[in-house]
Amino acid sequence: MQNFNYSIPTKVYFGKGQIKKLSKISQFGTKVLMVYGGGSIKGNGIYDKAAAVLRESGVSFFELSGVDPNPRIETVALGAKLCKEKEIDAVLAIGGGSTIDCAKMIAAAAKYDGDPWDLVLDGSKIKDALPIVTILTLAATGSEMDGFAVISDMDKNDKLDTASELIKPAFSILDPKFTYSVSQKQTAAGTADIMSHVFEVYFTREKDAFLQARMCEAVLKTCIKYGPAAMENPEDYDARANLMWASSLAINGLLSYGSDVQWCVHPMEHELSAFYDITHGVGLAILTPVWMEYVLSEATIDKFVEFGINVWGIDAEREPRQIAEESIDRTRAFFAQLGLPRTLADVGIGEENLSKMADKLDGLFTDTYIPLTGNEVLEIYRRAL
Ligand SMILES: NC(=O)c1ccc[n+]([C@@H]2O[C@H](COP(=O)([O-])OP(=O)(O)OC[C@H]3O[C@@H](n4cnc5c(N)ncnc54)[C@H](O)[C@@H]3O)[C@@H](O)[C@H]2O)c1
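Scoring rules and cut-offs
- Residues numbered from 1 in each chain as written.
- Predicted model: local features only at pLDDT ≥ 70, side-chain atom pairs only at ≥ 80, totals over all residues.
- Heavy atoms only, no water.
- Pairing = 2+ DSSP bridges.
- Helix = DSSP H or I, 4+ residues; strand = E, 2+ residues; numbered from the N terminus.
- Axes fitted to C-alpha atoms, helices over the stretch in contact; angles between N-to-C directions.
- Contact = heavy atoms within 4.5 Å.
- Left-handed = near helix turned anticlockwise from the far one by under 90°.
- Nonpolar A, V, L, I, M, F, W, Y, C, P; charged D, E, K, R; others polar.
- Polar contact = N/O pair within 3.5 Å; in protein donor to acceptor, adjacent residues only side chain to side chain.
- Phe/Tyr/Trp six-rings, centres within 6.5 Å; stacked < 30°, edge-to-face > 60°.
- Buried < 20%, exposed > 50% of the residue type's maximum accessible area, 1.4 Å probe, protein only.
- Lys NZ or Arg CZ within 6 Å of the ring centre and 35° of its normal.
- Near = heavy atom within 4 Å.
- Areas by Shrake-Rupley, 256 points an atom, 1.4 Å probe, with all protein chains shown as cover.
- Domains from an automatic or database assignment.

## Quick word on the sheet that holds strand 1 (residues 11-14)
One open sheet accounts for six strands, arranged 1-8-5-4-2-3; its pairing is parallel. The sheet terminates laterally at strand 1 and strand 3 (60-64), the two strands that pair on one side only. Averaged over all adjacent pairs, the angle separating strand axes in this sheet is 20°, with direction ignored. Both strand 2 (residues 31-36) and strand 4 (residues 90-95) contribute to a ladder of five bridges, which runs parallel. Following the sheet pairing, Val-32 is matched in strand 4 by Ala-90. Contacting strand 2, strand 3 and strand 4, helix 3 (residues 73-86) runs over the sheet at an angle of about 155° to strand 3. The strands that helix 4 (residues 97-109) touches are strand 2, strand 3, strand 4 and strand 5 (132-136); relative to strand 4, the one it contacts most, it runs at about 170°.

## Considering the packing of helix 9 (residues 265-276) against helix 14 (residues 374-383)
Where helix 9 contacts helix 14, the two axes come as close as 12 Å, and the packing angle between them is 65°. Helix 14 is crossed by helix 9, and the crossing has right-handed handedness. For the pair helix 9 and helix 14, the contacting residues are Met-268, Glu-271 and Leu-272 in the first and Val-377, Ile-380 and Tyr-381 in the second. For the contact of helix 9 with helix 14, a count of residues per class yields five nonpolar, no polar and one charged.

## Concerning the environment of Arg-240
Assignment of secondary structure puts Arg-240 in helix 8 (residues 237-251). A sequence separation of 34 residues divides Arg-240 from Ala-274, and the C-alpha atoms of the two residues are 29 Å apart. At a separation of 3.3 Å, a polar atom in the side chain of Arg-240 contacts the main-chain carbonyl oxygen of Thr-179.

## With respect to the packing of aromatic side chains
Within the structure shown, the criterion is met by 18 aromatic pairs. With a centroid separation of 5.8 Å and an interplanar angle of 65°, the aromatic rings of Tyr-36 and Tyr-47 are classed as edge-to-face. Placement of Tyr-36 in strand 2 and of Tyr-47 in helix 2 (residues 46-56) is noted, with a sequence separation of 11 residues between them. Comparing Tyr-36 with Tyr-47 shows no difference in burial state: the two are buried. Taking NZ or CZ as reference, Lys-16 lies 4.3 Å from the ring centre of Tyr-237, over its face. In this structure, Lys-42 packs its charged tip against the face of Tyr-47, placed 4.6 Å from the ring centre.

## Things to note about the site of the ligand
Near the ligand lie 27 residues; those nearest to it are Gly-97, Ser-98, Thr-137, Asp-146 and Ser-181. Residue Ser-98 places a side-chain N or O atom 2.5 Å away from an oxygen atom belonging to the ligand. In this structure, Phe-178 approaches the ligand through a main-chain N or O atom, which is 3.0 Å from a nitrogen atom. In the complex, the protein chains occlude 86% of the 870 Å² of accessible area that the ligand would expose alone. Secondary-structure elements contributing two or more residues to the shell around the ligand are helix 4, strand 6 (148-153) and helix 6 (184-202). Residue classes in the shell around the ligand are distributed as nine nonpolar, 14 polar and four charged. When residues of the shell around the ligand are sorted by domain, at least three fall in each of domain 1 (11-178) and domain 2 (182-383).

As structure tokens, this is what we get:
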């Protein structure tokens, strides 16, 4: 097992009625910027509940709404300007990963004098940030408990992730009931995203992080059990609760400590979203089985056998190659069962920008599970067409 520094500072208030813990935001001051997306929080009552707790706690709030899925740098700049003008004490995100990521970068940019895009290009430039609080409404990205943010500049077709300890939320409120109104499509995409976060760390060259590997399998099995259940019955509390906690655990560091490996399917998907603005989890579901087939070889077969037996329950007596291949087929079939598109063509993506996207990633995947050149990335994109 490799060395690691454990740091998961975000407090989590999980379960029904935990919105009342929002009152704790008053420890940071009396002026909050509330950041949210297209307004679903007004339809499902979360906005009213949060506003009531803020008022009762003596906290006044300004609002920044309209954060896009695949949040834009322009919104970050606008939010940071508001924070400076209004002397905001803390940033409150109510939403899914897009809103939370945007709020994180607003919090960092509010304490930075230069162009906020600098902080996306280089997270080490984040030297300070306003406290960040989140109310999660969609189980998917784990942004509620991690130090990452993904921001797009659509003019440049750039969608980049940045990271800093300073943008880990101070606390997050996770009430599974707040995810009852999430559509089937977003529930499916969220499940695929959680699973992809696990795959990015489960497929590691580190062979002796046994505990982490078993925890990864537990999170994957949770998604396989509860993703379809939440789609079938959106108000199945236990399904929503298990998915929600899986989303946080998948990426808060717990599963990757001691076996860290550079990610690659996520950056490949970010290129798809940067050029075509598709839903992140959908892109991941399309690319993941193709990537798995591409990296399956004599060098990696043992890991895929472990995956097939422990996650999919494939008979351990079968030939290793059969187990490995079936584990990938089962993964692809599961995403199809969730109703997710299978190919790039299904989401309207053709050959036209694939070379440009692959070129942008050339030279970056030197320390991934299996290192990949730009040409190999292009081959994976083509096989996903
Ligand atoms: N920070 C991280 O660690 C991290 C990790 C993976 C992905 N990401 C990024 O996060 C973004 C995706 O976030 P996401 O998957 O959470 O989706 P999202 O935040 O983009 O939301 C997707 C849609 O669901 C709607 N929605 C959210 N909650 C709802 C609810 N309760 N009821 C009804 N509708 C609701 C939103 O309004 C939006 O239209 C992408 O930009 C992705 O690259 C971040």
